[in-house]
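Summary of the model geometry
Each chain, letter by letter, is given below.
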Amino acid sequence: MTEGETKKIVLTTVFAPHIQKHAQVLLTEPNIGLCRRQVEIFNPKPSFPSYDEEESNCDKFQLVIPYAGVKLECMVIFQSSAPDCPPDFVFSDHRFFAPLNQVESLCSWDVRKPDALLKVLKEIMQFYKKKQIQILDGYEQLSFEYLCLFQLQNFNEDDIEILVPNEQESPVIFLIKLHVDYCQLFPDYYRDESDTRDYPLLLVFFPNRDSNRSYLRVYLSKKTQSIVTIDENFQLPDDVTDNYLTRYIIALENELKTKIQLAASRYERRRMYFEHQHFCSVQFITIAKRIRLQHLLIIILTVPPGHCRKS
């Protein structure tokens with residue numbers, strides 16, 4: 001058991017029994033949105049304080065949800081006295097109030113299903129993103145950049161997370177999933193089940209809300225970084241960067257595909273080389289054995305009969 005797993009088990013045991021399984025599912029889920037970071041649970045508290053920490057029955061806690069490259073905090077509130085009741089949610093972003101009566105998974109809440117809370121959070125985060133898009137509509141240039149993204153092939157609403165901070169001086173953030181299918185381009189390397197969730201991300205900062213001028217950063221998994229020579233500070237040439245975001249994304253996806261294909265080609269050449277070397281080694285051993293056998297037969301056949309010892 002790893003240190004991280006131990007921490008998770010210790011953390012979930014402070015909750016009321018009907019909440020523990022929901023917390024465990026949250027902590028083992030790879031991710032809720034596009035970010036590759038897991039959610040974090042901290043500051044669990046009981047509605048009715050207890051002097052016995054082992055039986056504290058905490059029924060509310062702070063949840064940190066990775067979203068658009070930042071951490072979004074949310075208070076999740078259960079009722080230890082009414083285990084069958086669905087939880088309530090209070091977000092740190094006070095501009096957003098979750099429309100709980102519109103969240104289908106919450107309306108059909110079943111506390112016996114371990115993934116019930118996970119499904120509710122995923123659905124609520126979709127409403128949060130819609131709220132961010134509504135706020136973005138107030139900025140013509142950035143709204144135009146967002147709408148242009150849907151001209152990209154295979155692009156859909158699930159491929160982007162948007163954050164428009166309440167503070168005007170804070171940059172608007174786009175987190176965009178790039179469509180580069182590693183498993184198809186390099187199947188010999190990306191063959192684990194977890195590799196289907198491995199995709200490049202582009203983080204875009206717009207410091208000026210009245211301009212489409214942006215700063216971009218590419219995020220690759222460690223597995224991909226080990227075969228592709230691209231780090232977080234990678235930038236395409238200025239003539240590409242200065243154009244629309246859609247053109248940059250197309251150029252970046254093509255660049256990544258080319259690098260993955262080159263890595264796959266190098267791997268294939270090495271594999272063929274080692275297979276050839278192995279084949280040559282086997283052939284050499286076979287020939288050597290045959291020569292030794294032939295040499296032994298020659299010796300036996302050329303030795304005069306009188307030279308053979310009698311038993």
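Our subject is the structure that appears above.
Residues numbered from 1 in each chain as written. Predicted model: local features only at pLDDT ≥ 70, side-chain atom pairs only at ≥ 80, totals over all residues. Heavy atoms only, no water.

**Digging into the overall build of the protein chain**
As a reminder of what qualifies: A run of DSSP states H or I qualifies as a helix once it reaches four residues; a run of E qualifies as a strand once it reaches two. Both are numbered from the N-terminal end. With a 1.4 Å probe rolled over the protein chains alone, any residue whose accessible area is under 20% of its type maximum counts as buried; one over 50% counts as exposed, and the rest are partly exposed. By definition in these notes, contact holds between two residues if any of their heavy atoms fall within 4.5 Å. Each accessible area value is a Shrake-Rupley result obtained with a 1.4 Å probe; residue values ignore everything except the protein chains displayed when judging cover.
Scanning the protein chain from terminus to terminus reveals 9 helices and 8 strands. Out of the 311 residues in the protein chain, the part that is buried amounts to 38%. The contacts in the protein chain between residues at least 6 apart in sequence include a share of 57% that link residues at least 24 apart. Accessible area of the protein chain: about 19300 Å², with a carbon and sulfur share of 53%.

**Topic: the nonpolar core**
To be explicit about the condition: Residues belong to one nonpolar core when they are buried, are Ala, Val, Leu, Ile, Met, Phe, Trp, Tyr or Cys, and are joined through side-chain atoms within 4.5 Å.
In this structure, Phe61, Leu63, Phe89 and Leu117 are the most contacted members of the largest nonpolar core, which totals 45 residues. Elements represented by at least two residues in this core include exactly helix H2 (17-28), strand S2 (60-67), strand S3 (70-77), strand S4 (88-91), helix H4 (116-136), strand S6 (172-177) and strand S7 (201-206). The element that contributes the greatest number of residues to this core is H4, accounting for 9 residues. Setting aside anything within four residues of it in sequence, one finds Phe89 in contact with Cys74, Met75, Val76, Leu100, Leu106, Leu117, Val120, Leu121 and Ile124.

**A few points about the packing of aromatic side chains**
Threshold: For Phe, Tyr and Trp, rings pair up if their centres lie within 6.5 Å, where Trp contributes its six-membered ring, and each pair is then called stacked (planes under 30 degrees apart), edge-to-face (over 60) or tilted (otherwise). Any Lys NZ or Arg CZ that is within 6 Å of a ring centre and within 35 degrees of that ring's normal is treated as a charge sitting over the ring.
Inspection of the entire model under this criterion finds 9 aromatic pairs. On the basis of an interplanar angle of 90° and a centroid distance of 5.1 Å, the ring pair of Phe96 and Tyr128 is categorised as edge-to-face. Placement of Phe96 in the loop between S4 and helix H3 (104-107) and of Tyr128 in helix H4 is noted, with a sequence separation of 32 residues between them. On the basis of relative accessibility, which here comes to 6%, the residue Phe96 falls in the buried class. Given a relative accessible area of 1%, Tyr128 falls into the buried group. Summarising the aromatic geometry, the rings of Phe150 and Phe155 are spaced 5.2 Å apart at their centres and angled 85° between planes, so their arrangement reads as edge-to-face. Residue Phe150 is classed as partly exposed on the basis of its relative accessible area, which comes to 33%. A network of ring pairs unites the aromatic residues Tyr67, Phe91, Phe96 and Tyr128 as a single cluster. The positively charged end of Lys130 is found above the aromatic ring belonging to Phe127, 5.3 Å away from the centroid.

**Focus: the environment of Val90**
Turning to its location among the elements, Val90 is positioned in strand S4. The class for Val90 is partly exposed, based on a relative accessible area of 43%. As for Val90 and Val76, which are separated by 14 residues in sequence, their C-alpha atoms are 6.8 Å apart.

**Some points on the packing of H2 against H4**
To keep things clear, this is the line we draw: Orientation is described by axes fitted as lines to C-alpha atoms, over the contacting stretch for helices, and by angles from 0 to 180 degrees between their N-to-C directions. Angles are sorted into four bins: roughly parallel if under 35 degrees, roughly antiparallel if over 145, roughly perpendicular if 65 to 115, and oblique for all others. Charged residues are taken to be Asp, Glu, Lys and Arg, nonpolar residues to be Ala, Val, Leu, Ile, Met, Phe, Trp, Tyr, Cys and Pro, and polar residues to be all remaining types, Gly included.
Taken N-terminus to C-terminus, the directions of H2 and H4 make an angle of 55°; their axes are 8 Å apart at the nearest point. As far as their axial angle goes, H4 and H2 are oblique. The residues of H4 that touch H2, namely those facing His22, Val25 and Leu26, are Ala116, Leu117, Leu118 and Leu121. The residue makeup of the contact of H2 with H4, split by class, is 6 nonpolar, 1 polar and no charged.

**Considering the sheet that holds S2**
Quick reminder of the rule: For two strands to be treated as a pair, DSSP must find no fewer than two bridges joining them.
The 4 strands lie next to each other as S1-S2-S3-S4, forming an open sheet whose pairing is antiparallel. Two strands close off the open sheet at either side, each with one partner strand: strand S1 (40-45) and S4. Across the sheet, the mean angle separating the axes of adjacent strands is 25° when strand polarity is ignored. When S1 meets S2, the two strands line up antiparallel, connected through 4 bridges. If you follow Phe42 over to S2, its bridge partner there is Gln62.

**With respect to the sheet that holds S6**
Read from one edge to the other, the open sheet built from 4 strands follows the order S5-S6-S7-S8, with strand pairing classed as antiparallel. Each edge of the open sheet carries a strand with a single partner, namely strand S5 (160-163) and strand S8 (215-219). The mean angle between the axes of side-by-side strands here comes to 15°, regardless of whether they run parallel or antiparallel. Where S5 meets S6, 4 bridges bridge the pair, whose relative direction is antiparallel. Following the sheet pairing, Ile160 is matched in S6 by Ile176. Sitting on the sheet, H4 is in contact with S5 and S6, with an inclination near 60° to S5. Sitting on the sheet, helix H5 (residues 140-148) is in contact with S5, S6 and S7, with an inclination near 5° to S6.

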